[in-house]
Amino acid sequence: MMTQEERQIHYHTVTLGALVREGDATAEITQQREDGTTETVTLHVPAGLPGERVTIAVEEPPAPPARKRRRRWKPRPPRVWITEIHEASPLRVQARCPVFGTCGGCQLQHMKYEAQTEWKREVVGQLLREVGGFENPPLLPTVPCDNPWNYRNHMRFSVYGEGKPGLTERHTRRLLPIVECPIAHPQINRALSIVAQHHNPRPQVLMRYGTATGQMILQPEQPPEVALELLAAGIDVRTETIEEKLAGQVFRIRPSSFFQTNTAQAEKMAQMVLDGLLTHDDYREDPRRLTVVDAYCGVGTFALLLSRHFGRVIAIEESASAIKDARWNLRETTNVDIMQGKVEDLLPKLAAELDGFVIDPPRAGCQPSVLEALIQHPVARIVYVSCDPSTQARDLHILCNQHATYRLRSVQPLDMFPQTAHIESVAVLERAL
């Protein structure tokens, strides 16, 4: 079997095509088959931009393992990287990170930020048309991040053999030791530069920072000498929970609980959710008589904000850790009912009671039973927060086109993750008359 060093590398000069959903540019090359014929292959090229003339290196993928392990083996695509740029795109800028293109965390650092937000809007629009079936979707411009750098308040660094924290190379498990990440909050980078000087246990180091409180979770717990260094650097380290502020409210967060990793953009999202419900005519006169649900409520972020406006809020969450935090965060409210369980199990039993619905599902989108409950018991307004516009478009197609129970009022892309290909969007639906 060929070793890493023995794998063949071929070079091709190509003009790059459009970006794929994952943020890579495309390139077509012609290669020869074993029988002597040729075929055209489309490759994904990291750190490339449409229209650029570049030379790319293509490394053959690893050979299958020995026969006894072949059954579990999954082939991966060839490794591709740019070796020379002959004609650069006018959208290209110098990436800030020295491991950009190799690290799996960012995909768009080489692209002007205004172009990133426009591309994300185009992706959402294409999915709404092709998957959602909306000929002319009500798509708004992407809301940019005021500071597209140093925004991440939550990082997980892998730790391998020598005990050094780092990030993982694309498509491999190879570690890239680093002491700074340009999209991580400066306090996380400060803590990382200290922790990286010491031996860390496998498999990872977790850091979570409260941008409004200055508190940081750092796991695993650091030895006393490291803790003293962190304290001397002005880092307030906690091991169990931290507090963070959002929309004027204080939230308690555990390491495993879901909370948005970009606090500044989460503030904007929270306002979008409130506006999406409160601008409906049915809610303007007296929203205190209405019941709304916060599905996949996490630590109770939306539920707490909604409780200030609506008569009753039902918060649903499966995670036991998040439920603990939600109960603490909502401890002073009297109009929020917290229910632990899967949304797909609980919502069908509650749907007849609801007037509005806020949902922030995982990447897989809504389960069929959730959509069926909303179709059988329509509510006046739905605000659908999504971290995957493809599954959101699929679900909107079912609610608005396949069954025509709702009308799509607006879709607002929100750049929660600058420099990456991840896209967040907030859709507002209203019951069809």
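Residues numbered from 1 in each chain as written. Predicted model: local features only at pLDDT ≥ 70, side-chain atom pairs only at ≥ 80, totals over all residues. Heavy atoms only, no water.

Draft legend 1. Spatial organisation of the overall build of the protein. Tallying secondary structure elements over the protein gives 10 helices and 20 strands in all. On C-alpha atoms alone, the protein measures out to a radius of gyration of 24 Å, which is about the 22 Å that the 2.2 N^0.38 rule sets for 433 residues. The principal-axis extent of the C-alpha atoms belonging to the protein is close to 70 × 60 × 50 Å. Entry remark: accessible area of the protein is about 20,700 Å², with carbon and sulfur atoms responsible for 49%. (Helix = DSSP H or I, 4+ residues; strand = E, 2+ residues; numbered from the N terminus. Rg over C-alpha atoms; globule rule 2.2 N^0.38 Å. Areas by Shrake-Rupley, 256 points an atom, 1.4 Å probe, with all protein chains shown as cover.)

Draft legend 2. Seen up close, the nonpolar core. With 69 residues, the main nonpolar core has Phe157, Ile188, Met207, Met269 and Leu306 as its most contacted residues. Examining the composition of this core, we find that seven residues originate from one element, helix 4 (residues 263–278), more than from any other. If we ignore the near neighbours within four places in the chain, the residues touching methionine 207 are Asn153, His154, Met155, Phe157, Ile188, Ala191, Leu192, Val195, Ile217 and Leu218. Residues Leu19, Phe134, Leu354 and Cys366 belong to the second largest nonpolar core, which totals 57 residues. (Core = buried A, V, L, I, M, F, W, Y, C linked by side-chain atoms within 4.5 Å. Buried < 20%, exposed > 50% of the residue type's maximum accessible area, 1.4 Å probe, protein only. Contact = heavy atoms within 4.5 Å.)

Draft legend 3. Region of the structure containing the sheet that holds strand 4 (residues 53–59). If you trace the three strands from one edge of the open sheet to the other, you get 1-4-5, paired in antiparallel fashion. Bordering the open sheet on either side are strand 1 (9–15) and strand 5 (79–87), each of which pairs with just one other strand. Geometrically, the sheet is characterised by an average inter-axis angle of 25 degrees between neighbouring strands, direction not taken into account. (Pairing = 2+ DSSP bridges. Axes fitted to C-alpha atoms, helices over the stretch in contact; angles between N-to-C directions.)

Draft legend 4. A look at the packing of helix 1 (residues 113–130) against helix 10 (residues 389–402). Between helix 1 and helix 10, the shortest axis-to-axis distance is 9 Å and the interhelical angle comes to 35 degrees. Crossing geometry of helix 1 relative to helix 10 is assigned as right-handed. Residues Val124, Leu127 and Leu128 of helix 1 form the contact with helix 10, whose participating residues are Pro389, Ser390, Ala393 and Leu396. The residue makeup of the contact of helix 1 with helix 10, split by class, is six nonpolar, one polar and no charged. (Left-handed = near helix turned anticlockwise from the far one by under 90°. Nonpolar A, V, L, I, M, F, W, Y, C, P; charged D, E, K, R; others polar.)

Draft legend 5. Structural context of the environment of leucine 108. Inspection of the secondary structure puts leucine 108 in the loop between strand 5 and helix 1. The spacing of leucine 108 and aspartate 24 is 84 residues in sequence and 8.5 Å in space, taken between C-alpha atoms.

Draft legend 6. Helix 4, seen in detail. Between the first and last C-alpha of helix 4 there are 23 Å, a value that for 16 residues agrees with the 22 Å anticipated at 1.5 Å per step. Within helix 4 the residues assigned to the buried category are Thr263, Gln265, Ala266, Met269, Ala270, Met272, Val273, Leu274, Gly276 and Leu277. (Expected span 1.5 Å × (residues − 1).)

Draft legend 7. Expanded view of the packing of aromatic side chains. In this structure the tally under the stated criterion is one aromatic pair. Ring geometry for phenylalanine 251 against phenylalanine 259: centres 6.1 Å apart, planes inclined by 50 degrees, an arrangement best described as tilted. Here phenylalanine 251 and phenylalanine 259 have matching classes, each one buried. The ring of tryptophan 328 has arginine 331 lying over it, and the distance from NZ or CZ to the ring centre is 3.8 Å. (Phe/Tyr/Trp six-rings, centres within 6.5 Å; stacked < 30°, edge-to-face > 60°. Lys NZ or Arg CZ within 6 Å of the ring centre and 35° of its normal.)

Draft legend 8. Focus on the pairing of strand 19 (residues 406–414). When you tally the buried positions in strand 19, you get seven out of nine residues, the bulk of the element. As paired elements, strand 19 and strand 20 (residues 424–431) share eight bridges and run antiparallel to each other. The partner of glutamine 412 across the bridge, within strand 20, is valine 426.

Draft legend 9. Geometry of the state of the cysteines. Enumeration according to the criterion identifies zero disulfides in this entry. Of the cysteine sulfurs around cysteine 400, a residue in no disulfide, the closest is that of cysteine 366, at 12 Å. (Disulfide = S-S within 2.5 Å.)

Draft legend 10. Focus on unusual backbone geometry. Residue arginine 202 is joined to proline 203 through a cis peptide bond whose omega torsion reads 10 degrees. Inspection of the secondary structure assignment puts proline 203 in the loop between helix 2 (186–195) and strand 9 (204–209). For the bond from glutamine 219 to proline 220, the omega torsion is 0 degrees, close enough to zero to count as cis. Considering the arrangement of structural elements, one finds proline 220 in the loop between strand 10 (215–219) and helix 3 (224–232). In this model, alanine 247 sits at a positive phi of 55 degrees, which is unusual for a non-glycine residue. Of note, alanine 247 is situated in the loop between strand 12 (242–246) and strand 13 (249–253). Positive phi, close to 55 degrees, is recorded for alanine 404, a residue that is not glycine. Mapped onto the elements, alanine 404 comes out in the loop between helix 10 and strand 19.

Draft legend 11. Just the sheet that holds strand 18 (residues 381–386), in detail. Spatially, seven strands are ordered 16-15-14-17-18-20-19 in an open sheet, and the strand pairing comes out mixed. In this open sheet, the two strands that pair with only one neighbour each are strand 16 (336–340) and strand 19. When the angles between neighbouring strand axes are averaged without regard to direction, this sheet yields 15 degrees. Across five bridges, strand 14 (residues 291–295) lies against strand 15 (residues 312–317) in parallel orientation. Bridge pairing links threonine 291 to arginine 312 in strand 15. Lying on the sheet, helix 8 (residues 343–350) is in contact with strand 14, strand 15, strand 16 and strand 17 (356–359); it crosses strand 15 at an angle near 155 degrees.

Draft legend 12. Molecular detail of the environment of phenylalanine 251. Position of phenylalanine 251 relative to the elements: it lies in strand 13. Owing to a relative accessible area of 0%, phenylalanine 251 belongs among the buried residues under this scheme. Sequence separation between phenylalanine 251 and arginine 79 is 172 residues; the distance between their C-alpha atoms is 43 Å. Setting aside its immediate chain neighbours within four residues, phenylalanine 251 contacts Ile242, Glu243, Glu244, Leu246, Phe259, Val299, Gly300, Thr301, Leu304, Trp328 and Asn329.

Draft legend 13. How the structure looks around the pairing of strand 7 (residues 165–168). Pairing of strand 6 (residues 154–159) with strand 7, which is carried by two bridges, proceeds in the antiparallel orientation. By the bridge assignment for strand 7, serine 158 is matched with glycine 166. One ladder, built from three bridges, connects strand 7 with strand 8 (residues 175–177); its direction is antiparallel. In the strand pairing of strand 8, glycine 166 is matched with proline 177. Count of turn residues in the strand 7/strand 8 antiparallel hairpin: six residues, of which histidine 171 carries a positive phi of about 60 degrees.

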